[in-house]
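Analysis of the macromolecular model
Here are the chains, one letter per residue:
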Amino acid sequence: QAELVESGGGLVQAGGSLRLSCAASTRAFTYYAMGWFRQAPGKEREFVAGISARSSSTEYADSVKGRFTISRDNARNTVYLQMNSLKPEDTAVYFCAAASDIVVLRAGPDYWGQGTQVTVSS
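All of the points below concern the structure found in this document. (Residues numbered from 1 in each chain as written. Predicted model: local features only at pLDDT ≥ 70, side-chain atom pairs only at ≥ 80, totals over all residues. Heavy atoms only, no water.)

1. Regarding the layout of surface pockets
Counted as a void, the largest pocket has a volume near 150 Å³. Around the largest pocket sit R38, Q39, A40, K43, E44, E46, S63, R67, E89, D90, T91 and A92, which together line it. Classifying every residue of the lining of the largest pocket by side-chain character gives two nonpolar, three polar and seven charged. (1 Å grid on protein atoms, 1.4 Å probe; cavity = no way out; pocket = protein on both sides within 12 Å on 5 of 7 lines; lining within 4 Å. Points joined across faces, edges and corners; volume = space filled by probe spheres on them. Nonpolar A, V, L, I, M, F, W, Y, C, P; charged D, E, K, R; others polar.)

2. Considering the state of the cysteines
Taken as a whole and assessed by the stated rule, the structure comprises one disulfide. Between the sulfur of C22 and that of C96 lies a disulfide, 2.0 Å long from S to S. Between C22 and C96, the disulfide has an S-S torsion of -85° and is therefore left-handed. Of this pair, C22 sits in strand β3 (residues 18-24) while C96 sits in strand β9 (residues 92-99); the two residues are 74 residues apart in sequence, bridging distant segments of the chain. In this structure, C22 and C96 share a single accessibility class: buried. (Disulfide = S-S within 2.5 Å. Helix = DSSP H or I, 4+ residues; strand = E, 2+ residues; numbered from the N terminus. Buried < 20%, exposed > 50% of the residue type's maximum accessible area, 1.4 Å probe, protein only.)

3. Some points on the sheet that holds strand β7 (residues 68-73)
An order of β1-β3-β8-β7 is seen for the four strands of this open sheet, with the pairing classed as antiparallel. Two strands close off the open sheet at either side, each with one partner strand: β1 (4-7) and β7. Sheet twist, expressed as the mean angle between neighbouring strand axes with direction ignored, is 15°. (Pairing = 2+ DSSP bridges. Axes fitted to C-alpha atoms, helices over the stretch in contact; angles between N-to-C directions.)

4. Examining the pattern of salt bridges
Counted by the stated rule, this structure contains six salt bridges. Among the salt bridges present, the one from R67 reaches D90, with a minimum N-O distance of 2.7 Å. With a gap of 23 residues between them, R67 in the loop between β6 (58-60) and β7 and D90 in the loop between β8 (78-83) and β9 connect regions that are remote in the sequence. Exposure remark for D90: the relative accessible area of 1% places this residue in the buried category. What emerges from the salt-bridge pattern is a single network uniting R38, E46, R67 and D90. (Salt bridge = Lys/Arg side-chain N within 4 Å of Asp/Glu carboxyl O.)

5. A look at the pairing of strand β11 (residues 116-121)
Alternating positions in β11 separate cleanly, T116, V118 and V120 being buried on one face and Q117, T119 and S121 remaining unburied on the opposite face. As defined by bridge partners, β9 adjoins β11 across three bridges and the pair is classed as antiparallel. Note that in β11 the partner of Y94 across the bridge is T116.

6. Some remarks on the environment of T119
Along the polypeptide, T119 turns up in strand β11. A relative accessible area of 28% places T119 in the partly exposed class. Here the alpha-carbon distance between T119 and A40, two residues 79 residues apart in the chain, equals 9.9 Å. Polar side-chain contacts of T119 include one of 3.3 Å to the side chain of Q117. (Polar contact = N/O pair within 3.5 Å; in protein donor to acceptor, adjacent residues only side chain to side chain.)

7. Let's talk about the pairing of β1
Every other side chain in a regular strand lies on the same face of the sheet, so the side chains alternate between the two faces. Only one face of β1 is covered, namely the face carrying L4 and E6; the face carrying V5 and S7 is uncovered. Two strands pair when backbone bridges link them, and β1 and β3 are joined in this way by four bridges, in the antiparallel orientation. Its bridge partner being in β3, S7 is matched across the sheet by S21.

The structure is reproduced here in structure tokens:
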């Protein structure tokens, strides 16, 4: 029932920052756990960050803890991923995702966005 559209990707140098946004079309956005996954060339898709519907819980992959912050604005049906201290290994296509709860999100999201490219140069 949800259509997710990512934006904010681009090319940055190592150490730089980007803020990804994901806009959801569904009016039920408030009830979804939201998150981000990424997939680099030659690698499997991996979980990056997730946030519960009420923002009471957040989860991060070990590789991004302390550098990335996920947040949401339910009034705007939007979830964000603030990425700081970017590294070349962060280069990937980043996908927004939605699920009924944060556990389901990590196991297998119900909805996916089309992805936005993030490239970090050395």
